[in-house]
Amino acid sequence: MGLLYGVSTIGGPDRSASIGLGTGYHGANGLVVMAGAEARTSRRVKWMTENWFTPDGKGVFGGGFRLLGERFSADVGLMLVVDRDEPHTSVLPLPVFGVAWHF
């Protein structure tokens, strides 16, 4: 499976917004839209959201914050996996944790 996509971002290091469009190949067919944004609220905290969805109501919606250090950052957030299949909609919440060390 694969996804061929392009993303464009406007803004700077303190505030930005992104929009993307993609199409699947090798078993992952269909259109995918991405919308995201981030905003730095202090020297050490940045709030972020990134959302991937299809026109038929399926998607992954996420949000959280990043704690910034000089050489280290940590992400904490929540991801919602949504499958809108008539007549029911299922939502699966999942925690997201990430750590990065800049060397």
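## Quick word on the pattern of salt bridges
Part 1 of the reasoning: Using the criterion set out here, one finds 7 salt bridges in the structure.
Part 2 of the reasoning: Of the charged contacts, one joins Lys58 and Asp83 as a salt bridge, the two residues approaching to 3.5 Å between their closest N and O atoms. A residue pair is termed long-range when its members are at least 10 positions apart, and Lys58 in strand 5 (residues 58–68) and Asp83 in strand 6 (residues 72–85) qualify at 25 residues.
Part 3 of the reasoning: The class of Asp83 is partly exposed, set by a relative accessible area of 30%.

## Some details on the layout of surface pockets
Rolled over the atoms, a probe sized like a water molecule indicates the empty space that remains.
Part 1 of the reasoning: The calculated volume of the largest pocket comes to roughly 450 Å³.
Part 2 of the reasoning: Surrounding the largest pocket, 26 residues form its lining, Met48, Thr49, Glu50, Gly62 and Gly63 being those nearest its centre.
Part 3 of the reasoning: Listed by contribution, the elements that provide at least two residues to the lining of the largest pocket are strand 2 (15–25), strand 3 (31–40), strand 4 (45–53), strand 5, strand 6 and strand 7 (88–101).
Part 4 of the reasoning: Residue composition of the lining of the largest pocket, grouped by class: 12 nonpolar, 10 polar and 4 charged.

What counts and what doesn't
Residues numbered from 1 in each chain as written. Predicted model: local features only at pLDDT ≥ 70, side-chain atom pairs only at ≥ 80, totals over all residues. Heavy atoms only, no water. Salt bridge = Lys/Arg side-chain N within 4 Å of Asp/Glu carboxyl O. Helix = DSSP H or I, 4+ residues; strand = E, 2+ residues; numbered from the N terminus. Buried < 20%, exposed > 50% of the residue type's maximum accessible area, 1.4 Å probe, protein only. 1 Å grid on protein atoms, 1.4 Å probe; cavity = no way out; pocket = protein on both sides within 12 Å on 5 of 7 lines; lining within 4 Å. Points joined across faces, edges and corners; volume = space filled by probe spheres on them. Nonpolar A, V, L, I, M, F, W, Y, C, P; charged D, E, K, R; others polar.

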